[in-house]
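Each chain is listed here by its residues.
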Amino acid sequence: MDNKCFIENKVAIIDNGTGYTKMGWGGNIEPTYDIPTVISDNSDKNSVQVSKNYNEQLDFCIGNDALNQQVKTYPMKSGIVTDWTLMEKFWQKSIFDYLRCDPDETTFVLTEPPMNPPENRENIAEIFFETFNAKSIYIGVQAVLALYSNQMHEQNAQTGNKLTGCVLDSGDGVTHIIPVSDGYVIGSCIKHIPLAGRDITNFIAQMIRDRGEKVNNQDINRISAEIKEKYGYVAPKGLLQEFERYDKPGQDGKPSNKFKQYTFESQVDKKQYTMDVGYERFLGPEMFFYPEFFDSKWRTSIDESIDNAIQGSPIDTRRHLYSNIVLSGGSTMFEGFTDRLQSAIQKRVDDRLLRYSTALSKPQPIVVQVAQNPHQRFSVWQGGSLLSIKPGFEKVCKSRQEYLEYGPSIVRQNAVLSSGM
Ligand SMILES: Nc1ncnc2c1ncn2[C@@H]1O[C@H](COP(=O)(O)OP(=O)(O)OP(=O)(O)O)[C@@H](O)[C@H]1O
């Protein structure tokens, strides 16, 4: 492959998540690649070979190729990089094998979780400027990028909330609630919830095992994730009513149509198997609202955590935060999730206002609005993509020259996105 294959002078957006890495080019609406953030590395652990010779056989692979290997490592945990050597190799493959770009000519938008230690940001700068010789980089806070993408989304553009909103970001390995006011993360009010997509997948896998389905160990995680994504939903009215809907036969006397039949091919013997899918359809996602299913020590539901985060924020931001609750990440995509969340938070807010009401004064109602974005699985990535095509974007990036002049500390301070940008 020669250098003609390189796309020059473009902005590459790389959103590394605990479970999946989304990457592609600025200006696009969705990432070109969405691959597992996993690496199988049989090479010398300490050597990162940066080479423009794309035919060179490197002794490691990433993404779906790595998933099929026996030895594999996830270099991120709960949204944070835990193994920088492997992460560097993961980026190497991402840049040269997937994006196929020349880093000297490319600006990279990378993402970070809220309250990422500044040392981690410096590590990113060091790797991108020293190992890859990148032209320039911008490291965006995931929640702010999600809010930015939502703001730009036509349907929500009229809200007037600009870069103020409360982001619920739930992916594969971590769930965060992040209030943001005018582009600034209100750090003291961030809530971390120890429950995300991978836990729901594991819960479904356990239910499948407990009822004695014959599923091979090699298949169980894949099919549990597929069942979750395909059939999972949040019960509109809560658990008891939902159990009844399964247990009552239909009007024609046939068993409830809530049960589904799921067919999959085993990776072990390549044969097709079929099994019933039932209560796990809603019991998995319900863990957000009844977290004690998952961990008896964790009893704060997601609506209560969001309410607490907003109540802890400065008083003059609260109405705006309630009116712009933004969902981001794959685990917010369950059918019925938005409506259930909105009504649960609205009820908490209304009950509180009622308690403060007296015969003489009634507080003004507070409107809770949970915004929906058809691209919410990719909203962080999309925020980076939209930002990269805005006039003035270069001004918030850090260039290689600046890095060489001042060192890694240039990325300690993150340029705050103003709502006008
Ligand atoms: N339609 C869907 N319904 C429910 N869950 C889904 C759906 N599509 C994807 N998921 C789940 O979303 C998770 C991946 O989401 P995402 O890519 O946002 O996570 P991530 O960025 O890798 O993780 P994190 O944000 O925790 O670092 C997986 O657990 C996946 O099974």
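Residues numbered from 1 in each chain as written. Predicted model: local features only at pLDDT ≥ 70, side-chain atom pairs only at ≥ 80, totals over all residues. Heavy atoms only, no water.

The name an unreviewed UniProt entry gives the chain is Actin, cytoplasmic, with Tetrahymena thermophila as the organism. Under the UniProt heading Catalytic activity (unreviewed entry), the note attached to the chain is "ATP + H2O = ADP + phosphate + H(+)". In UniProt, the chain has this text filed under Sequence similarities (unreviewed entry): "Belongs to the actin family." (UniProt positions renumbered as here; feature names shortened; annotations may be inferred.)

Novice: What am I meant to see in helix 6 (residues 197-210) here?
Specialist: Within an α-helix, residues lying three or four positions from one another point in the same direction, as the helix has 3.6 residues per turn. With 14 residues, helix 6 should reach 20 Å at 1.5 Å per residue; the first-to-last C-alpha distance of 20 Å fits that figure. Regarding helix 6, the residues found buried are Gly197, Asp199, Ile200, Thr201, Ile204, Ala205, Met207 and Ile208. Lining the buried residues of helix 6 we find helix 7 (217-231), strand 15 (272-277) and helix 9 (280-283). Looking at the residues trailing helix 6, positive phi occurs at Gly212, about 80 degrees. (Helix = DSSP H or I, 4+ residues; strand = E, 2+ residues; numbered from the N terminus. Expected span 1.5 Å × (residues − 1). Buried < 20%, exposed > 50% of the residue type's maximum accessible area, 1.4 Å probe, protein only. Contact = heavy atoms within 4.5 Å.)

Novice: For this particular structure, what's the right way to read the site of the ligand?
Specialist: Neighbouring the ligand are 19 residues; Thr18, Tyr20, Lys22, Asp172 and Glu229 lie closest to it. Here an oxygen atom of the ligand sits 2.5 Å away from a polar atom, N or O, in the side chain of Asp172. Listed by contribution, the elements that provide at least two residues to the shell around the ligand are strand 2 (20-25) and helix 7. (Near = heavy atom within 4 Å. Polar contact = N/O pair within 3.5 Å; in protein donor to acceptor, adjacent residues only side chain to side chain.)

Novice: Any chance you could explain the sheet that holds strand 2 here in plain terms?
Specialist: The strands making up a sheet associate through backbone hydrogen bonding, with each pair oriented either parallel or antiparallel. The sheet built from six strands is open, its strands ordered 3-2-1-8-9-18 with mixed pairing. Either end of the sheet is taken by a strand with one partner, and the two such strands are strand 3 (33-36) and strand 18 (398-399). Note that strand 9 (residues 136-141) and strand 18 share two bridges and pair antiparallel. Bridge assignment links Ser136 to a residue of strand 18, and that residue is Ser399. The strands touched by helix 4 (residues 142-152) within the sheet are strand 1 (11-16), strand 8 (107-112) and strand 9, with strand 9 carrying the most contacts at an inclination of about 85 degrees. Where helix 13 (residues 379-388) meets the sheet, its contacts fall on strand 1, strand 2, strand 8 and strand 9, and the angle it forms with strand 1 comes to roughly 160 degrees. (Pairing = 2+ DSSP bridges. Axes fitted to C-alpha atoms, helices over the stretch in contact; angles between N-to-C directions.)

Novice: I would appreciate a short explanation of the nonpolar core in the present structure.
Specialist: Among soluble globular proteins, nonpolar side chains are generally buried collectively. In this structure, Ile306, Phe337 and Leu341 are the most contacted members of the largest nonpolar core, which totals 39 residues. Sort the elements by how many residues they give to this core and helix 12 (residues 337-356) lands first, with five residues. Residue assignment places this core across two domains, with domain 2 (146-195 + 300-376) and domain 3 (197-287) each supplying three or more. If you look at the next biggest cluster of nonpolar residues, it comprises 33 residues, including Ala12, Ile39, Met87 and Ala134. (Core = buried A, V, L, I, M, F, W, Y, C linked by side-chain atoms within 4.5 Å. Domains from an automatic or database assignment.)

Novice: Please clarify how helix 13 should be interpreted in this entry.
Specialist: Taken across its ten residues, helix 13 has ten buried, putting it largely inside the fold. Burial in helix 13 covers these residues: Ser379, Val380, Trp381, Gln382, Gly383, Gly384, Ser385, Leu386, Leu387 and Ser388.

Novice: Honestly, the packing of aromatic side chains in this entry has me stumped. Any pointers?
Specialist: Each pair of aromatic rings is reported with the distance of its centres and the angle of its planes. Counted under the stated rule, the structure contains 20 aromatic pairs. Ring geometry for Tyr33 and Tyr98: centres 5.2 Å apart, planes at 85 degrees, overall edge-to-face. Pair noted here: Tyr33 is in strand 3 and Tyr98 is in helix 2 (residues 84-99), with a separation of 65 residues, a long-range link. Overall, the relative accessible area of 28% leaves Tyr33 in the partly exposed class. Ring geometry for Phe96 versus Phe132: centroids 6.5 Å apart, planes at 70 degrees, classification edge-to-face. A residue pair is termed long-range when its members are at least 10 positions apart, and Phe96 in helix 2 and Phe132 in the loop between helix 3 (118-131) and strand 9 qualify at 36 residues. We note that Phe96, like Phe132, is buried. Members of the aromatic cluster, connected to one another through ring pairs, are Trp84, Trp91, Phe96, Phe108, Phe128 and Phe132. Its end group placed over the ring of Phe60, Lys89 keeps NZ or CZ at 5.5 Å from the ring centre. Between the NZ or CZ atom of Arg377 and the centre of the ring of Tyr20, over which it lies, the distance is 5.1 Å. (Phe/Tyr/Trp six-rings, centres within 6.5 Å; stacked < 30°, edge-to-face > 60°. Lys NZ or Arg CZ within 6 Å of the ring centre and 35° of its normal.)

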